[in-house]
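Chains, contacts and geometry: an overview
The primary structure of each chain is shown beneath.
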Amino acid sequence: MSTLAQPEVARATHLDVTGRGLSPAGILRSEWIKLRSLRSTWWSFSIIVLIQVGIAVIFALTTSPMTTEPTTQQVTQAAVSISTLGVLFSQLVIAVLGVLVISGEYSTGQIRSSFMAVPNRLPVLAAKALVFAVATFVVALVAIVVSYLVTMPILAGNGVDAAPLEPGLWLSFLGAAGYLVFIGLISLGIGAALRSTAGGIAASLGLLLVVPTIFQLIPAEWAGVVASWLPGTAGQSLYYTGSTFEPWQALLVMLGWVAVTLVPAAVLMKRRDA
Amino acid sequence: MIEAQSLTKRYGQRTAVDAATFTVRPGKVTGLLGPNGAGKSTTMRMIVGLDRPTSGSVRVNGHFYAEHSAPLHEVGALLDAKAIHSGRSAYNHLLALGATHGIGAARVREVIDLTGLQAVAGKRVGGFSLGMGQRLGIAAALLGDPQTLILDEPINGLDPEGVLWVRGLLKHLASEGRTVLLSSHLMSEMAMTADHIIVFGRGRVIADAPVADIVGQGAVTSVRVSSPQAAELARLLAAPDVQVTSASGSTLDVAGVSAATIGGIAASNGLVLHELTTVTGSLEEAYLRLTADEVEYHTQSVTPEVVR
């Protein structure tokens, strides 16, 4: 037969593929394209900016003027708490987006395309987490800084004149943006392990909203301790001074939470059939 | 080149693929044929590493799929047309897929043009018809200009023009020396597209041979003879391995003797023939015979790989 004349392994392709192939930079680029090419990303990030700034403005307009001359620390705290007040709400948006970023791939079947391109799978999860974390951090920081800049003149009229160069102020802003990143990553881990949008959102919102309430209702002392270690509680020490943990301790607790959700998710992702 | 060795996949009690051993060679179109649930899709999923074999192995060009440093340049696969995020545009889907391998926008536009998706490339995939989804899936499979193509039911949902296009494309790709594996439950389609066929039945490979052999082996080739002296002819043809059935008074269906022999017998006995036609069984008949009763067929040794 004529097919015998065909060379057995000769490369019959037209594209010059020499030296090309999978690379960490390529996988990161791919995940960035995926993140930016979905409407849900832009909706979620827009909502976060709107919530942050909107809530900050409403609270700034309704605070009563200081009667005595406030200390620098008081001024900084007031500025931080008003600029980051929206985090309590935008964390819910980030939790949903964190789940969707991965569960959306499972529910649509996209994950099979992703795994065929990157058969080791784990680089997909790692790149997805990194891209999502950086994007969330940037958006959260912008939202917080804009909140601060918009509310600064309003607060100044009330005698709260935060110096923009106060380092504590910026550390808190970074901490609050970091908090949202951690919540997003924990949700991403939950979504990757459960592979379902509905289940993932229920679990991650449950962890943020329901679980703390349950432990607070239990009248035992240990329950209070547990409650303080939950991500939604411990994480606030990243940007509020005078909470249970020092910021560096809170950072470790949050890293621990990210690990206990993302590591099992990675193991399951590697093991299960897609 | 795809080589499966005792490839087996079990889901709990159910065995989807049962010790399948086969080789898909470059330079021709190989068809994976079998009824629903025969294990075709599962086999394809194991080839590209989506499902982990329970036992056995399958290699592409000598390596496990995950071992390739550039999987999209080795294998392009269309496993199901909806393996795409419905909220993303076709263009962005291909761009994101290609980015993993450093494949840029120029190649993405090439495959969009090749598959005729120019008009809808910027639209979200969620609104695509099945046919457009198939075209996009084929575009994704071709993105890395791979040496091996694996397509699960590629003509599903395509219009007649699309079917012709896919058929031509696959033959062309094979003629370039690539390995092309496609599955279909449409026997007629296989007969027109494939050079070689692997038939699956209940997870087992029940036949693995060139299309012509499958047709020849599974279907009975008979000769239709029409003669005013049909009864006389039937008596003369009678032999242990010859079956003569009578369709009507003057027409006989004869199996086991060639048309030439029948003509010779008729001539030497001075019998008048009105018709003498060889009736070749279709691939469809062959396939139905092969899959009708798997038990019968895996006890009897089906010609494994015809050596040419």
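Note that the structure is predicted; figures quoted are calculated from it, not measured.

Bringing the overall build of chain B into the picture now. Scanning chain B from N- to C-terminus turns up twelve helices and 13 strands. Out of the 308 residues belonging to chain B, those deemed buried represent 54%. Long-range pairs, those at least 24 residues apart, make up 71% of the contacts in chain B with a sequence separation of at least 6.

Residues and elements named next belong to chain A. Here helix α9 (residues 221-229) has its buried residues at A223, A227 and S228. Along the axis of α9, the buried residues cluster in a sector spanning 140 degrees; they form a single face. Facing away from the buried side of α9 by over 90 degrees, the exposed positions are E221 and W222. Considering only its buried residues, α9 is in contact with α8 (197-217) and α10 (231-234).

Here the focus is the domain arrangement of chain B. Segmentation of chain B into domains returns domain 1 (2-217 + 287-299) and domain 2 (220-279). The gap between the C-alpha centroids of domain 1 of chain B and domain 2 of chain B is 45 Å.

In this section: helix α9 (residues 230-237) of chain B. Residue and element names in this part refer to chain B. Turning to α9, its buried residues are A230, L233 and L237. The arc enclosing the buried residues of α9, seen along the axis, measures out at 60 degrees, which places them on a common side. Facing away from the buried side of α9 by more than 90 degrees, the exposed set consists of A231 and R235.

By size, the foremost hydrophobic cluster in this structure holds 140 residues, and its most contacted members are Y179 of chain A together with V48, I150 and V199 of chain B. Among residues more than four places away in sequence, those in contact with V48 of chain B are M116 of chain A together with Y65, V75, A77, L79 and I150 of chain B. A230, L233, V242 and I262 of chain B belong to the second largest nonpolar core, which has 13 residues in total.

All told, the structure shown has three cavities of 30 Å³ or more when counted by the stated rule. Estimated volume of the largest cavity: approximately 170 Å³. Among the elements that take part in the lining of the largest cavity, strand β5 (residues 75-78) of chain B stands out by supplying four residues, more than any other. Counted by class, the lining of the largest cavity contains 14 nonpolar, four polar and one charged residues. Considered as a void within the structure, the second largest cavity measures approximately 60 Å³ in volume. S30, E31, K34, Q110, S114, A117, V118 and V124 of chain A together with A96, L97 and T100 of chain B are the residues that line the second largest cavity. Within the residue set of the lining of the second largest cavity, elements represented by two or more residues are α1 (24-36) and α5 (110-117) of chain A together with α3 (90-99) of chain B.

A few words now on the pattern of salt bridges. It is possible for side chains bearing opposite charge to pair when their charged atoms get close. Residues and elements named next belong to chain A. Per the counting criterion, the structure on display carries 14 salt bridges over all chains. Close ionic contact of K34 with E105 constitutes a salt bridge, the shortest N to O distance being 3.0 Å. Of this pair, K34 sits in helix α1 while E105 sits in helix α4 (residues 87-108), and the two are 71 residues apart along the sequence. Judged by its relative accessible area of 5%, K34 falls in the buried class. The class of E105 is buried, set by a relative accessible area of 1%. We note a salt bridge from E105 to K128, for which the minimum N-O separation is 2.6 Å. Here E105 is found in helix α4, whereas its partner K128 is found in helix α6 (residues 122-156), with 23 residues between them in sequence. With respect to burial, E105 and K128 carry one shared label: buried.

Side-chain positions along a regular strand alternate between the two faces of the sheet. Residues and elements named next belong to chain B. Strand β10 (residues 222-226) sits mainly inside the fold: four of its five residues count as buried. Pairing geometry for β10 and strand β12 (residues 251-255), over five bridges, is antiparallel. Paired with S222 across the strands is A255, a residue of β12. Examined bridge by bridge, β10 and strand β13 (residues 275-279) share five bridges and lie antiparallel to one another. Each bridged residue has a counterpart across the sheet, and for V223 the counterpart in β13 is T278.

What follows covers the sheet that holds β5 of chain B. Two orientations exist for strands paired in a sheet by backbone hydrogen bonds: parallel and antiparallel. Residues and elements named next belong to chain B. Across the sheet, six strands lie side by side as β5-β6-β7-β3-β8-β9; this open sheet has mixed pairing. Two strands lie at the open edges of the sheet, namely β5 and β9 (204-210), each paired on one side alone. On average, each strand axis in the sheet is inclined to that of its neighbour by 15 degrees, with strand direction left out of account. Judged from the five bridges that link them, strand β6 (residues 148-152) and strand β7 (residues 179-184) form a sheet pairing that is parallel. Bridged to L151 within β7 is L182. Here helix α6 (residues 160-175) sits on the sheet in contact with β3 (29-33), β6 and β7, set at roughly 150 degrees to β7.

By the criterion of burial, β9 of chain B is predominantly enclosed, with five of the seven residues buried. The turn joining strand β8 (residues 196-201) of chain B and β9 of chain B, which pair antiparallel and follow one another in sequence, is formed by two residues; a positive phi near 45 degrees is taken by R202 of chain B.

Attention now moves to the packing of helix α2 (residues 39-62) of chain A against α4 of chain A. All names here are of chain A. Axis separation between α2 and α4 bottoms out at 9 Å; the angle between their running directions is 170 degrees. Taken as axis vectors, α2 and α4 run roughly antiparallel relative to one another. Between α2 and α4, the contacting residues are S40, T41, S44, F45, I47, I48, I51, Q52 and I55 on the first element and V87, F89, S90, V93, I94, L97 and L100 on the second. In terms of residue class, the contact of α2 with α4 is made up of eleven nonpolar, five polar and no charged.

Another point: unusual backbone geometry. All names here are of chain B. For N61, which is not a glycine, the phi torsion comes out positive at approximately 50 degrees. Tracing the backbone shows N61 in the loop between β4 (55-60) and α2 (71-74). Judged by its relative accessible area of 24%, N61 is partly exposed. Positive phi outside glycine occurs at D145, with the angle close to 50 degrees. Residue placement: D145 occurs in the loop between α5 (130-142) and β6.

Now for a nonpolar patch on the surface. Residues and elements named next belong to chain A. Together, L130, V134, V138, V142, V146 and V150 make up a nonpolar patch on the protein surface, roughly 450 Å² of accessible area in all. Secondary-structure assignment places V150 in helix α6. Residue classification places V150 among the partly exposed residues on the basis of a relative accessible area of 35%.

Conventions adopted
- Sequence order as written defines residue numbering, which begins from 1 separately in each chain.
- Whichever chain is written first becomes A and whichever ligand is written first becomes 1, with later ones labelled in order.
- Local features in this predicted model are restricted to residues of pLDDT 70 or higher, and side-chain atom pairs are both shown and tallied only at a pLDDT of 80 or more, whereas totals for entire chains, interfaces and linings draw on every residue.
- Computation of side-chain values: all heavy atoms of the structure, hydrogens and water removed.
- Only DSSP runs of H or I reaching four residues or more are called helices, and only runs of E reaching two or more are called strands; each is numbered from the N terminus.
- Exposed residues in this analysis have more than 50% of their type's maximum accessible area, buried residues have under 20%, and partly exposed residues fall in between, with area computed by a 1.4 Å probe over protein chains only.
- Here a residue-residue contact requires only that any non-hydrogen atoms of the pair lie within 4.5 Å.
- Each C-beta atom gives one direction from the helix axis, and the arc is the one those directions make.
- Per the annotation, domain bounds derive from an automatic or database assignment of domains.
- Only buried Ala, Val, Leu, Ile, Met, Phe, Trp, Tyr and Cys residues count toward a nonpolar core, and they belong to the same one when joined by side-chain atoms within 4.5 Å.
- Both site types are read off a 1 Å grid over the protein atoms alone. A 1.4 Å probe that fits but cannot get out defines a cavity, while an open set with protein on both sides within 12 Å along at least five of seven lines defines a pocket; lining residues have an atom within 4 Å of a point.
- Grid points are joined across faces, edges and corners, and a volume is the space filled by probe spheres set on the points.
- Residues are grouped as follows: nonpolar covers Ala, Val, Leu, Ile, Met, Phe, Trp, Tyr, Cys and Pro; charged covers Asp, Glu, Lys and Arg; every other residue, Gly included, is treated as polar.
- Put simply, a salt bridge is a Lys or Arg side-chain nitrogen that is within 4 Å of an Asp or Glu carboxyl oxygen.
- Two strands qualify as a pair provided that DSSP identifies no fewer than 2 bridges between them.
- The axes used here are C-alpha line fits, helices contributing only the stretch in contact, and every angle between their N-to-C directions lies in the interval 0 to 180 degrees.
- Any angle from 65 to 115 degrees is called roughly perpendicular, while one under 35 is roughly parallel, one over 145 is roughly antiparallel, and all others are oblique.
- Residues qualify for a patch when their relative accessible area is over 30% and they have no salt bridge, like charges being joined within 9 Å and the nonpolar side chains of Val, Leu, Ile, Met, Phe, Trp and Tyr within 5 Å.
- Only the protein chains shown count as cover for residues, with accessible areas throughout obtained via the Shrake-Rupley method and a probe of 1.4 Å.

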